[in-house]
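# Observations on the three-dimensional arrangement
Each chain, letter by letter, is given below.
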Amino acid sequence: MSGNEQYCKMWEALGLDLEAHDQLLSVIPTIYQDIYLDQENRPQGMEYFDFVVVEIHGLRIKELQEHKEKGGKVVGAFCVYVPEEIVLAAGGVCVGLCAGAEVGMAEAEKVLPRNLCPLIKSAMGFKLAKICPYFESCDMIVGETTCDGKKKAWEVLNEIVPTYVMDIPQKKSAKGKELWLSEVSQFKDEVERMTGNKITSDSLGDAINLVNQKRKALKRLNDLRKADPAPISGRDALLVEQVAFYDNIPRFVEKVSALCDELEERVAKGIGITDESTTRIMISGTPMVIPNWKLPFIIETSGATVVCEESCTGQRYFRNLVDEGGDTVESQIKNLADRYLETDCACFTPNNERIDHVLEYAEDYDVDGVVAYTLQFCDPYAVETHKIKNALGKKDIPVLEIETDYGQEDTGQMKTRVEAFVEMIGNK
Ligand code: BJ8
């Protein structure tokens, strides 16, 4: 019996459309081979993450079902503003539901406009086409009022499945902070109600510590990418950052730490994924969720290495830790609210911290150029690119703007532009 056959019963019980789901799973091995497995000189520690991808709808989903059988709940979220520590503290598991594939778009476009961000359409399409076992495992779905596309999409999603929406302020003013603190507190009440478990300062303290460990492991991995030559490809680092949204946290921390031990040895010996002369690129902008690996693959097959992701599937997710000093639930909620509000999403105005961070990473990671990446129809990031470009221009750091979707039609054109950009940097 093949691996997928083993899981068929589970997928059926979750109500997946098995035929459509098979189609989704059938495309991954080919692209994964080309993008990931064909890389030379990969760290051995990536084997675990390859295994996670093979088992992406298998083993992890089985673990979630076992957790549910024991009375645990699963919460799905679409944004790094949703505090997963609260879910964990109530005995739940939090999973990311953003989707990065074209499959399901046709279903999504029956209820959403075509001219909408592919991340939103893909997530909705996965639900409507019944192809996402993570979505179907959720006891609670959490949306948020970040961009307009998302906040209006939750109204549509709510017609299909109850969707709890966190109100994210637009400004980090005193009023905005007050609103956000009350939102985090209300979210805690809702999670307690849904799980039937009271959150205590001990359970919340443990959850804060656990998620901090995850962020620290990711930070360690990324610090190692500052070395020249970089010890790991951008594709591989991105994959680890993507898996962070699904995996069992203690296991993830262990595997990332083992990978980092290996990378530390590589750095000490001067071993890189490419040689020292390779152009170092930072990708800055909208998130890239599995299996959206298009841009890093193009960059890394055009003579450059991606050394940093200024994105929610990157620095924005792990940069800040939650203060572990709180000893009452109230003070811990405040610490959580403070930490989460430091996230510099382009949905905020003003969002100057993001410009500062981009400049900081450009220096720390010694980048030769920045690819400003925007998913199509994402106004907040598209508009903010103007400021990013100006700030980098003042430091004489070249920027290439790429706006794309999840399709492959523009791959050739993107490759030509990226190659010209890398060549231009080389001639500087
Ligand atoms: S904190 S970046 S995860 S909102 S790309 S859906 S913004 S139109 S994903 Fe995001 Fe939270 Fe912000 Fe991060 Fe809208 Fe733009 Fe689409 Fe986006």
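Residues numbered from 1 in each chain as written. Predicted model: local features only at pLDDT ≥ 70, side-chain atom pairs only at ≥ 80, totals over all residues. Heavy atoms only, no water.

It is worth spelling out unusual backbone geometry at this point. Cis geometry is found at the peptide bond from Asp228 to Pro229, where omega equals 5°. If you trace the backbone, Pro229 turns up in the loop between helix 11 (201-224) and helix 12 (234-243). Phi at Lys130 takes a positive value of approximately 55°, unusual for a residue other than glycine. Within the fold, Lys130 resides in the loop between helix 7 (118-128) and helix 8 (133-137). Overall, Lys130 belongs to the partly exposed group, its relative accessible area being 44%. Phi at Phe377 takes a positive value of approximately 70°, unusual for a residue other than glycine. You can see Phe377 is positioned in the loop between strand 7 (369-375) and helix 18 (379-394). (Helix = DSSP H or I, 4+ residues; strand = E, 2+ residues; numbered from the N terminus. Buried < 20%, exposed > 50% of the residue type's maximum accessible area, 1.4 Å probe, protein only.)

Take a negative patch on the surface next. There is a patch of like negative charges on the surface, built from Asp356, Glu360, Glu363 and Asp364. With respect to the element layout, Glu360 can be found in helix 17 (residues 352-364). (Patch = residues over 30% accessible without salt bridge, like charges linked within 9 Å, V, L, I, M, F, W, Y side chains within 5 Å. Areas by Shrake-Rupley, 256 points an atom, 1.4 Å probe, with all protein chains shown as cover. Salt bridge = Lys/Arg side-chain N within 4 Å of Asp/Glu carboxyl O. Lys, Arg positive; Asp, Glu negative; His and termini not counted. Charge placed at Lys NZ, Arg CZ, Asp CG, Glu CD.)

Its place among the elements puts Asp368 in the loop between helix 17 and strand 7. Overall, Asp368 belongs to the partly exposed group, its relative accessible area being 30%. The contacts of Asp368, once residues within four sequence positions are left out, are Thr278, Thr279, Arg280, Ile397, Pro398 and Ile425. Engagement of the side chain of Asp368 in a polar contact is seen with the backbone nitrogen of Arg280, the distance being 2.7 Å. (Contact = heavy atoms within 4.5 Å. Polar contact = N/O pair within 3.5 Å; in protein donor to acceptor, adjacent residues only side chain to side chain.)

Attention shifts here to the site of the ligand. The immediate surroundings of the ligand are formed by 16 residues, with Cys79, Cys147, Cys312, Cys345 and Cys378 found nearest. Its residues assigned to classes, the shell around the ligand shows 12 nonpolar, two polar and two charged. (Near = heavy atom within 4 Å. Nonpolar A, V, L, I, M, F, W, Y, C, P; charged D, E, K, R; others polar.)

All right, on to the layout of surface pockets then. Taken as a whole, the second largest pocket holds about 350 Å³ of empty space. The wall of the second largest pocket is formed by 20 residues, among which Ile31, Ile35, Pro291, Tyr406 and Gln408 lie closest to the centre. Those elements that provide at least two residues to the lining of the second largest pocket are helix 2 (18-37) and helix 14 (294-300). Looking at which element gives the most residues to the lining of the second largest pocket, the answer is helix 2, with six residues. Looking at the lining of the second largest pocket residue by residue, the class counts come to 12 nonpolar, five polar and three charged. When residues of the lining of the second largest pocket are sorted by domain, at least three fall in each of domain 1 (3-169) and domain 2 (206-320 + 347-426). (1 Å grid on protein atoms, 1.4 Å probe; cavity = no way out; pocket = protein on both sides within 12 Å on 5 of 7 lines; lining within 4 Å. Points joined across faces, edges and corners; volume = space filled by probe spheres on them. Domains from an automatic or database assignment.)

Turning next to helix 12. Helix 12 sits mainly inside the fold: 10 of its 10 residues count as buried. Within helix 12, the full set of buried residues consists of Gly234, Arg235, Asp236, Ala237, Leu238, Leu239, Val240, Glu241, Gln242 and Val243.

Look at helix 11 against helix 16 (residues 329-341): their axes get within 9 Å of each other, and the N-to-C directions meet at 25°. By the angle class used here, helix 11 and helix 16 are roughly parallel. Read as a crossing pair, helix 11 and helix 16 show a hand that is left-handed. When helix 11 is examined against helix 16, the residues Ser201, Leu204, Gly205, Ile208 and Arg215 are found in contact with a partner set consisting of Val329, Gln332, Ile333, Leu336, Arg339 and Tyr340. Here the residues of the contact of helix 11 with helix 16 sort into six nonpolar, three polar and two charged. (Axes fitted to C-alpha atoms, helices over the stretch in contact; angles between N-to-C directions. Parallel < 35°, antiparallel > 145°, perpendicular 65-115°, else oblique. Left-handed = near helix turned anticlockwise from the far one by under 90°.)

The next point concerns the pattern of salt bridges. One pass over the full model with this rule turns up 38 salt bridges. The partner of Glu84 in a salt bridge is Lys214, and the shortest N-O contact between them spans 3.1 Å. In this pair, Glu84 is assigned in helix 5 (residues 84-89) and Lys214 in helix 11, connecting sequence segments 130 residues apart. There is no split in this pair, since Glu84 and Lys214 are both buried. The partner of Glu353 in a salt bridge is Lys172, and the shortest N-O contact between them spans 3.1 Å. Note that Glu353 is positioned in helix 17 and Lys172 in the loop between strand 4 (163-166) and helix 10 (174-195), a separation of 181 residues in sequence. Owing to a relative accessible area of 27%, Glu353 belongs among the partly exposed residues under this scheme. Each of Glu310, Arg316, Arg319, Asp344, Arg354 and Glu384 takes part in salt bridges that share partners, so that together they form one network.

Moving on to the sheet that holds strand 3 (residues 140-144). The sheet built from four strands is open, its strands ordered 2-1-3-4 with parallel pairing. Only two strands of the sheet have a single neighbouring strand rather than two, namely strand 2 (93-96) and strand 4. The average angle at which neighbouring strand axes cross in this sheet is 30°, direction not considered. Of the strand pairs in this sheet, strand 1 (residues 74-77) and strand 3 are connected by three bridges, and their pairing is parallel. In the sheet register, Gly76 faces strand 3, and the bridge partner there is Ile141. Against the sheet, helix 4 (residues 59-69) contacts strand 1 and strand 2, and its axis sits at roughly 150° relative to strand 2. (Pairing = 2+ DSSP bridges.)

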